[in-house]
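Here are the chains, one letter per residue:
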Amino acid sequence: MLCPPGGDRSVLLLTPMDFHNLSLALYEKWERAQDAIEASGLLERFLDKVQAYYCEAFLDEELTWYETVYGQDELQEFKDDAIKAGFTYTVQLVDDD
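Now for a quick tour of the structure. (Residues numbered from 1 in each chain as written. Predicted model: local features only at pLDDT ≥ 70, side-chain atom pairs only at ≥ 80, totals over all residues. Heavy atoms only, no water.)

In this section: the pairing of strand β2 (residues 62–70). Sheet topology note: the strand β1 (residues 52–59)/β2 ladder contains eight bridges and is antiparallel. Residue pairing in the sheet places Phe58 in a bridge with Leu63 of β2. Connecting β1 to the antiparallel partner β2 that follows it, the hairpin turn spans two residues, and Asp60 within it adopts a positive phi of roughly 55°. (Pairing = 2+ DSSP bridges. Helix = DSSP H or I, 4+ residues; strand = E, 2+ residues; numbered from the N terminus.)

This is the structure:
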């Protein structure tokens with residue numbers, strides 16, 4: 001690295017070799033991070049597909065409320081809310097397509 005004329009160290013000039021070394025170091029750090037993510041299994045858990053459900057709630061046989069929920073927890077919340085409010089409901093699996 002070079003300092004510009006006048007000795008102002010707040011601005012550094014990078015030589016082509018400095019740029020090369022910095023780029024290589026950043027790439028190697030990125031590779032280590034990718035290896036750590038792969039080893040931990042985080043990526044697979046993140047990419048696991050969550051099942052989607054299309055839900056409809058009826059009051060006196062009239063469609064009052066509908067929504068798409070994702071995963072078993074949200075589905076159970078929908079069912080609990082519908083029952084608590086006195087609704088009947090239908091649930092359909094949403095295709096992955």
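Now that the structure is up, let's keep going.
Further remarks concern a negative patch on the surface. A contiguous patch of negative charge on the surface is contributed by Glu67, Asp73, Glu74, Glu77, Asp80 and Asp81. Broken down by element, the negative patch gets its largest block of residues, five residues, from helix α3 (residues 71–84). One can find Glu67 in strand β2. (Patch = residues over 30% accessible without salt bridge, like charges linked within 9 Å, V, L, I, M, F, W, Y side chains within 5 Å. Areas by Shrake-Rupley, 256 points an atom, 1.4 Å probe, with all protein chains shown as cover. Salt bridge = Lys/Arg side-chain N within 4 Å of Asp/Glu carboxyl O. Lys, Arg positive; Asp, Glu negative; His and termini not counted. Charge placed at Lys NZ, Arg CZ, Asp CG, Glu CD.)

Here we take up the sheet that holds β2. On the basis of which strands lie adjacent, the open sheet formed by three strands has the order β2-β1-β3 and antiparallel pairing. Every interior strand has two partners, whereas the edge strands, β2 and β3 (88–93), have only one. Averaged over all adjacent pairs, the angle separating strand axes in this sheet is 20°, with direction ignored. Where β1 lies against β3, six bridges are found, and the strand directions are antiparallel. Across the sheet, the residue bridging to Glu56 is Thr90, located in β3. (Axes fitted to C-alpha atoms, helices over the stretch in contact; angles between N-to-C directions.)

Glancing now at the packing of aromatic side chains. Within the structure shown, the criterion is met by five aromatic pairs. Aromatic ring contacts, followed pair by pair, group Trp65, Phe78, Phe87 and Tyr89 into a single cluster. (Phe/Tyr/Trp six-rings, centres within 6.5 Å; stacked < 30°, edge-to-face > 60°.)

Let us now look at the nonpolar core. One finds Tyr53, Cys55, Ala57, Val69, Leu75, Phe78, Ala82 and Phe87 forming the largest nonpolar core, which totals eight residues. Elements that contribute at least two residues to this core include exactly β1 and α3. With residues up to four places along the chain from it excluded, the contact list for Leu75 reads Tyr53, Cys55, Val69 and Val91. (Core = buried A, V, L, I, M, F, W, Y, C linked by side-chain atoms within 4.5 Å. Buried < 20%, exposed > 50% of the residue type's maximum accessible area, 1.4 Å probe, protein only. Contact = heavy atoms within 4.5 Å.)

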